[in-house]
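Below are the chains, spelled out letter by letter.
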There are 2 protein chains.
Amino acid sequence: MKNNEVIELYGSPVSNCYNTVLAALRHKGIEHHQKHIGATQDAGFLLKSPMGKIPFILHEGAYISETSVIVAYLDQVFSDKPLFPGSPLEQARCGQLMKIVELYVESPARRLFPGVFWYLHNDPLHVAEVRPVIERGLNAVELLLQQNRFLLGGPKSGAGYYFYFSLGLAETVCQQQYGWDFWEERPLMRELYEQLGKLDFMIEISAQRDGAMEGYLAEKSAEANSD
Amino acid sequence: MKNNEVIELYGSPVSNCYNTVLAALRHKGIEHHQKHIGATQDAGFLLKSPMGKIPFILHEGAYISETSVIVAYLDQVFSDKPLFPGSPLEQARCGQLMKIVELYVESPARRLFPGVFWYLHNDPLHVAEVRPVIERGLNAVELLLQQNRFLLGGPKSGAGYYFYFSLGLAETVCQQQYGWDFWEERPLMRELYEQLGKLDFMIEISAQRDGAMEGYLAEKSAEANSD
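Rules behind the numbers
- Residues numbered from 1 in each chain as written.
- Chains lettered and ligands numbered in written order.
- Predicted model: local features only at pLDDT ≥ 70, side-chain atom pairs only at ≥ 80, totals over all residues.
- Heavy atoms only, no water.
- Pairing = 2+ DSSP bridges.
- Helix = DSSP H or I, 4+ residues; strand = E, 2+ residues; numbered from the N terminus.
- Axes fitted to C-alpha atoms, helices over the stretch in contact; angles between N-to-C directions.
- Phe/Tyr/Trp six-rings, centres within 6.5 Å; stacked < 30°, edge-to-face > 60°.
- Buried < 20%, exposed > 50% of the residue type's maximum accessible area, 1.4 Å probe, protein only.
- Lys NZ or Arg CZ within 6 Å of the ring centre and 35° of its normal.
- Contact = heavy atoms within 4.5 Å.
- Buried area = accessible area lost by both parts, 1.4 Å probe.
- Salt bridge = Lys/Arg side-chain N within 4 Å of Asp/Glu carboxyl O.
- Polar contact = N/O pair within 3.5 Å; in protein donor to acceptor, adjacent residues only side chain to side chain.
- UniProt positions renumbered as here; feature names shortened; annotations may be inferred.
- Core = buried A, V, L, I, M, F, W, Y, C linked by side-chain atoms within 4.5 Å.
- Expected span 1.5 Å × (residues − 1).
- Bend = angle between axes of the 7 residues up to and from the residue.
- Least-squares fit on C-alpha atoms with pLDDT ≥ 70 in both.

Asks: Which parts of the structure should I look at to understand the sheet that holds strand β1 (residues 7–11) of chain B?
Replies: Backbone-to-backbone hydrogen bonds pair the strands of a sheet. The strands run either parallel or antiparallel. Residue and element names in this part refer to chain B. On the basis of which strands lie adjacent, the open sheet formed by four strands has the order β2-β1-β3-β4 and mixed pairing. Edge positions in the open sheet fall to β2 (32–36) and β4 (62–65), since each of these has one partner strand only. For this sheet the average axis-to-axis angle between neighbouring strands, irrespective of direction, equals 25°.

Asks: It is not clear to me how the sheet that holds strand β2 (residues 32–36) of chain A should be interpreted in this structure. Could you clarify?
Replies: Residue and element names in this part refer to chain A. The strand order across the open sheet built from four strands is β2-β1-β3-β4, with neighbouring strands paired in mixed fashion. Of all strands in the sheet, those with a lone pairing partner are β2 and β4 (62–65), marking the two edges. Across the sheet, the axes of successive neighbouring strands diverge by a mean angle of 25°, strand direction being ignored. In the sheet, strand β3 (residues 56–59) pairs with β4 via four bridges, with the strands oriented antiparallel. Paired with Leu58 across the two strands is Tyr63, which belongs to β4.

Asks: Help me understand the packing of aromatic side chains, please; the structure alone is not making it clear to me.
Replies: Aromatic rings in a pair are described by how distant their centres are and how their planes are angled relative to each other. Taken as a whole, this structure holds 26 aromatic pairs over all chains when the rule is applied. Taking the centre distance of 4.9 Å and the plane angle of 15° together, the rings of B:Tyr10 and B:Phe56 count as stacked. With B:Tyr10 in strand β1 and B:Phe56 in strand β3 (residues 56–59), this pair connects stretches of sequence that are 46 residues apart. Assessed through its relative accessible area of 1%, B:Phe56 is described here as buried. Put simply, the rings of A:Tyr164, A:Phe165, A:Tyr178, A:Trp180, A:Phe182, A:Trp183 and A:Tyr193 pair up and form one aromatic cluster. The residue whose ring lies beneath B:Arg131 is B:Tyr178, and the NZ or CZ to ring-centre distance is 5.6 Å.

Asks: Is there a simple way to explain the interface of chain A and chain B in this structure?
Replies: Tallying the contact residues gives 40 residues for chain A and 40 residues for chain B. When the two sides are added together, the surface that chain A and chain B hide from each other amounts to roughly 3,500 Å², 64% of it contributed by carbon and sulfur. Sorting the residues of chain A by area buried against chain B places A:Pro50, A:Met51 and A:Lys99 first, and these three jointly supply 16% of that buried surface. A salt bridge links B:Lys99 to A:Glu102; the nearest nitrogen and oxygen atoms lie 2.8 Å apart. Taken together, the connections running from chain A to chain B amount to 16 residue pairs in polar contact (both at pLDDT 80 or more). Here the side of chain A that touches chain B takes 12 residues from helix α4 (residues 88–110) of chain A, the largest share from any one element.

Asks: Please explain the UniProt feature "domain: GST N-terminal" (unreviewed entry) in chain A as it appears in this structure.
Replies: Within this numbering scheme, the UniProt entry marks residues 5–82 of chain A as carrying the feature "domain: GST N-terminal" (unreviewed entry). Between the C-alpha atoms that bound residues 5–82 of chain A the distance is 20 Å, and the span itself is 36% helix and 23% strand.

Asks: I keep staring at the nonpolar core and nothing clicks. Help me out?
Replies: The biggest cluster of nonpolar side chains holds 142 residues, and the ones touching the most others in it are A:Leu74, A:Phe163, B:Leu74 and B:Phe163. Setting aside chain neighbours within four positions, we find B:Phe163 in contact with B:Leu97, B:Val101, B:Val141, B:Gly168, B:Met189, B:Leu192, B:Tyr193 and B:Leu196.

Asks: Looking at this structure, I do not really get unusual backbone geometry. What am I missing?
Replies: In most cases, non-glycine residues show a negative phi, while peptide bonds are predominantly trans. In this model, A:Ile54 is joined to A:Pro55 through a cis peptide bond whose omega is 5°. By the secondary structure assignment, A:Pro55 is in the loop between α2 (43–46) and β3. The backbone of B:Lys81 sits at a positive phi, close to 50°, despite the residue not being glycine. Along the chain, the position of B:Lys81 falls in the loop between α3 (67–77) and α4 (88–110).

Asks: Any chance you could explain the environment of B:Val105 here in plain terms?
Replies: Residue and element names in this part refer to chain B. Looking at the secondary structure, you find Val105 in helix α4. The spatial distance from the C-alpha of Val105 to the C-alpha of Ile37 is 25 Å, given a sequence separation of 68 residues. Setting aside chain neighbours within four positions, we find Val105 in contact with Ile100, Ile134, Gly137, Leu138, Leu167 and Ala170.

Asks: Is there a simple way to think about the side chain of B:Ser65 in this case?
Replies: Topologically, B:Ser65 is positioned in strand β4. By relative accessible area, B:Ser65 is classed as buried at 1%. Looking at B:Ser65, its side chain comes within polar contact range of the side chain of A:Gln96, at 2.9 Å. If sequence neighbours within four positions are ignored, B:Ser65 has contacts with A:Gln96, B:Ser49, B:Pro50, B:Pro55, B:Phe56 and B:Ile70.

Asks: Would you take a moment to explain α4(A) for this structure?
Replies: All names here are of chain A. End to end, α4 covers 31 Å across 23 residues, agreeing with the expected 33 Å (1.5 Å per residue, within 8%). At Glu102, α4 shows its strongest bend, of approximately 30°. The buried count for α4 comes to 18 of 23 residues, which makes it a mostly enclosed element.

Asks: Whenever I open this one, the relation of the copies chain A and chain B confuses me. Can you help?
Replies: The two chain copies are connected by a rotation around an axis plus a translation along it. The transformation that overlays chain A on chain B combines an axial shift of 0.0 Å with a rotation of 180°, and the residual RMSD is 0.0 Å. Read as a symmetry element, the transformation amounts to a two-fold axis. For chain A, the smallest separation between a C-alpha atom and the rotation axis is recorded for A:Leu103, amounting to 3.9 Å.

Spelled out as structure tokens, the structure:
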């Protein structure tokens, strides 16, 4: 298998999905170049990423989008240091963790981005309906960790990186929208988050994110004020 | 690897996710028992499926939930007749197809279930915001098929089964909510849908679904009228 071509990672360091792919590249020690760009719905962009979203990668002439798909692809093409380690059942537990965070925590939290990050207004209907969905998702994550302690102590995984950056984002949304600290009463979730945050490359990626976020918020504020 | 214990599949044949797992089991010729149950938020149920959702499977003493995770697990434990065939890149294309349908077509369509299936009311805000999301998702699917014709003619895949049952459901939602036939102007999507619908086991699973759906709708109607 040819895997000697340097991977290009396209997207923005403010994106939790971009940062998850970056962590996967760092975890596996895969050579890569970061290409910082924003998402658009331009026809040319859609040819590379059909939903017009970032991140996407370019590897050996092919563009691949969707975070979980990119992570699985990297894990398969570069076999060292697996991102989904362990038995098929343990891999499934990682998969469940990633899926629950994506679909039941991050996805609803994104519906509150306009009011939280874009200086726009969140409809009260959205504000009311999102919180119970996120609560159920977080309870499911805590339960899964209770039942599968190996997810805490074991080798770091692609699911862990997704968890880290996704919950970091959802935490900001919940704090700002509801004044809600969702780590309370979820000690295992917090433990995993803190463990992951101590890895050298996670510290570096988070620092890049925080720097980029300042510029991003200033830009969104200017956009909102010009409307 | 022990894989001689018969798999139990829990859930309802009205669920597109249940039917996707069932198709994966049939595709691979894995012995299984169907256990028809509904989803609940009971504590005992959550121990088996942390979000309280169906489907989930029981295999060798372990309960596993989340459709895409179950399908990946089955594919790994039972190696015959892969559900994600081909090169790593081809597998990634299947992954993108499945992901786009799940996150950008089915997930928004589900927000209209109350008005479409449960004899309740959909808020105009939801009705207005869901359609453009689904349109973008469907356009992305069509584009992905244009760029990757092998997804049409090649071996059947787990992504295809997901596509089939998920779009079957989204189609009903879009027809009933908007009077919108989304197959129009998306010929490749329609071609893949029709191809998959001709497989013997897909015909059987769809027939079981349609029978169960009648009972389900009658039950929802009675619930709505008793409120």
